[in-house]
Amino acid sequence: MPTPAPHRPAAFRKPRLLIVGCGDIGERVLRQLGGRYRVFALTSQPARRPALRSLGATPLLGDLDVPATLGRLAALAPRVLHLAPPPGKGRNDPRTAALLHALARGGVAERIVYGSTSGVYGDARGARIDETCATAPSTDRARRRVQAEQRLRWYGRAFGATVTLLRIPGIYAADRPGGAPRERVARGTPLLRAEDDVYTNHIHADDLARACIAALHRGRAQRVVHVSDDTELKMGDYFDLVADLAGLPRAARLPASEMREQSTPMGWSFMSESRRLDNRRLERELRVVLRYPTVREGLADG
């Protein structure tokens, strides 16, 4: 008579997921998963552990800037959601390199989803672009992301893992720390005049979290996906809409020469790049139906 298999608690029978960089979007992912996964969340801040536990995750202390602290990640989970940003300086992303080195030691990571940025394209002069367009980063911030993407693609090919790269534009939500557009309008920050304005792209934070989950299930190997909504607005028109819906005065409009003088280098980089993202892969391959297909719905809900 065969020996019965030992009983395992239900939590240990769930599929395992590692979230690296469990900030606002990672927390939204946890809420939407609703306990369907056994989730491990890497954090470098001990004070974050209670909040992560309250959302159903098992917190793991580790720091991507200190590779020696990442040993526990090696054989932890077959699915990995990598949302950690690169360092603030340089053209490389040693954090992604450290993560992949740790995962390679275990060899169990079968699927990796990475949250990149649409900034890797640089300035497309307002053209509509799909995921086959070449990257042309114009800032070190974007170059770091390109380098991280390249490392991830290599890892996928070398270790047979399915790597899906999500290129993400401006994230917004009324309850997102630092990402509530009403706050910018309330400060009265000026905008570019119409003739100098640029196209921007957007995604609601909750829809981004849903896209991350969809990619963990349906993302194709070594594939790029634009996680962007259907909005087609220039930056000034977007913030005018924010102002109108919030009952706030519209911001002043200035020529590009004056805006550049008043802006930080990072702020100006956003105002000097114009592109429109094609999001058909998001809808057709990941089969994401956006809750907020345009910013009007997302802003009205907030």
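So, how was this worked out
The residue numbering used here restarts from 1 in each chain and proceeds along that chain's sequence as written. The predicted nature of this model means local features are confined to residues of pLDDT at least 70 and side-chain atom pairs, given and counted, to a pLDDT of 80 or more, with totals for whole chains, interfaces and linings taken over all residues. Hydrogens and water molecules were not included; the side-chain quantities draw on all heavy atoms of the structure. Helix numbers and strand numbers start at the N terminus; a helix is a DSSP run of H or I with at least 4 residues, a strand a run of E with at least 2. Expected span of a helix: the number of residues minus one, times 1.5 Å. For every residue, the accessible area (1.4 Å probe, protein chains only) is compared with the maximum for its type, and the residue is labelled buried under 20%, exposed over 50%, or partly exposed between those bounds. Strand pairing follows a simple DSSP-based rule, namely that at least 2 bridges must link the two strands. To get an axis, a line is fitted to the C-alpha atoms, and for a helix only the part in contact is used. The angle between two axes follows their N-to-C directions and goes from 0 to 180 degrees. Residue contacts follow a heavy-atom distance rule, with two residues in contact if any of their heavy atoms lie within 4.5 Å. These descriptions rest on fixed angle ranges, namely under 35 degrees for roughly parallel, over 145 for roughly antiparallel, 65 to 115 for roughly perpendicular, and the rest for oblique. Take the far helix as your reference; a near helix turned counterclockwise from it by less than a right angle gives a left-handed crossing, and one turned clockwise gives a right-handed crossing. In the scheme used here, Gly and all other residues not listed as nonpolar or charged are polar, with Ala, Val, Leu, Ile, Met, Phe, Trp, Tyr, Cys and Pro taken as nonpolar and Asp, Glu, Lys and Arg as charged. When the strands point away from the viewer and the connection leading from the first strand across the helix to the second strand turns clockwise, the crossover is called right-handed. As used in this record, nonpolar core signifies buried Ala, Val, Leu, Ile, Met, Phe, Trp, Tyr and Cys residues forming a set joined through side-chain atoms within 4.5 Å. Paired rings are identified among Phe, Tyr and Trp, the last through its six-membered ring, by centres lying within 6.5 Å, and are further divided according to the angle between planes into stacked (under 30 degrees), edge-to-face (over 60) and tilted (the rest). The criterion is that NZ of a Lys, or CZ of an Arg, lies within 6 Å of the ring centre and within 35 degrees of the ring normal, and then a charge sits over that ring.

Visitor: How should I be thinking about helix α8 (residues 235–246) in this particular structure?
Guide: Within an α-helix, residues lying three or four positions from one another point in the same direction, as the helix has 3.6 residues per turn. When the terminal C-alpha atoms of α8 are compared, their 17 Å separation across 12 residues agrees well with the 16 Å that a helix rising 1.5 Å per residue should span. Where α8 is concerned, the buried positions are Met235, Gly236, Tyr238, Phe239, Asp240, Leu241, Val242 and Ala243. Where α8 terminates, the next one or two residues include Gly247, which has phi positive at roughly 70°.

Visitor: How should I be thinking about the sheet that holds strand β12 (residues 223–226) in this particular structure?
Guide: Backbone hydrogen bonds are what pair the strands of a sheet, in a parallel or an antiparallel way. Across the sheet, 7 strands lie side by side as β3-β2-β1-β4-β5-β7-β12; this open sheet has parallel pairing. Each end of this open sheet is capped by a strand with a single partner; those strands are β3 (57–61) and β12. Each neighbouring strand pair of the sheet contributes to a mean axis angle of 20°, computed without reference to strand direction. Sheet analysis places strand β4 (residues 79–82) next to strand β5 (residues 111–117), joined by 4 bridges and oriented parallel. Along β5, the bridge assignment pairs Arg79 with Arg111. Sitting on the sheet, helix α5 (residues 140–159) is in contact with β4, β5, β7 (162–168) and β12, with an inclination near 165° to β5.

Visitor: Help me understand the packing of helix α2 (residues 24–33) against helix α7 (residues 205–218) in this model?
Guide: The description of two helices packed together rests on the angle between their axes and the distance between the axes. In the contact formed by α2 and α7, the axes pass within 9 Å of each other and the chain directions differ by 65°. Here α7 runs roughly perpendicular to α2, going by the angle between their axes. The handedness of the crossing between α2 and α7 is right-handed. On the side of α2, the interface is formed by Asp24, Ile25, Arg28, Val29, Gln32 and Leu33, while α7 contributes Ala205, Asp206, Leu208, Ala209, Arg210, Cys212 and Ile213. Here the residues of the contact of α2 with α7 are counted per class, giving 8 nonpolar, 1 polar and 4 charged.

Visitor: What's the story with the pairing of β3 in this structure? I'm lost.
Guide: It is a general feature of regular strands that their side chains alternate between the two faces of the sheet. Bridging between strand β2 (residues 38–43) and β3 involves 5 bridges; their strand directions are parallel. By the bridge assignment for β3, Thr43 is matched with Leu61. Note that the unit made of β2, helix α3 (residues 49–54) and β3 has a crossover that is right-handed.

Visitor: Would you mind showing me how to read the nonpolar core here?
Guide: Generally speaking, nonpolar side chains in soluble globular proteins are found buried as a group. Core analysis: the largest hydrophobic core is formed by 34 residues, its most contacted members being Val29 and Leu166. Mapped by element, the contributors of at least two residues to this core are β1 (16–20), α2, β2, β7 and α7. Filtering out sequence-adjacent residues up to four positions away, Leu166 remains in contact with Val113, Tyr114, Gly115, Ser116, Thr117, Ala211, Cys212, Ala215, Val225, Val227 and Leu286. If you look at the next biggest cluster of nonpolar residues, it comprises 33 residues, including Leu70, Ala98, Leu100 and Leu277.

Visitor: What is the right way to look at the packing of aromatic side chains in this model?
Guide: How two aromatic rings sit relative to each other is given by the distance of their centres and the angle of their planes. Taken as a whole and assessed by the stated rule, the structure comprises 3 aromatic pairs. Pairing Tyr155 with Phe159 gives two aromatic rings, centres 4.5 Å apart and planes at 20°, and the pair type is stacked. Pair noted here: Tyr155 and Phe159 are both in helix α5, with a separation of 4 residues, about one helical turn. Its relative accessible area of 2% is what places Tyr155 among the buried residues. Among the aromatic residues, those joined into a cluster by ring pairs are Trp154, Tyr155 and Phe159. Seen from the ring of Phe239, Arg184 lies directly overhead, with NZ or CZ sitting 4.5 Å from the centre. Just above the ring of Tyr199 sits the side chain of Arg276; from NZ or CZ to the centre is 4.8 Å.

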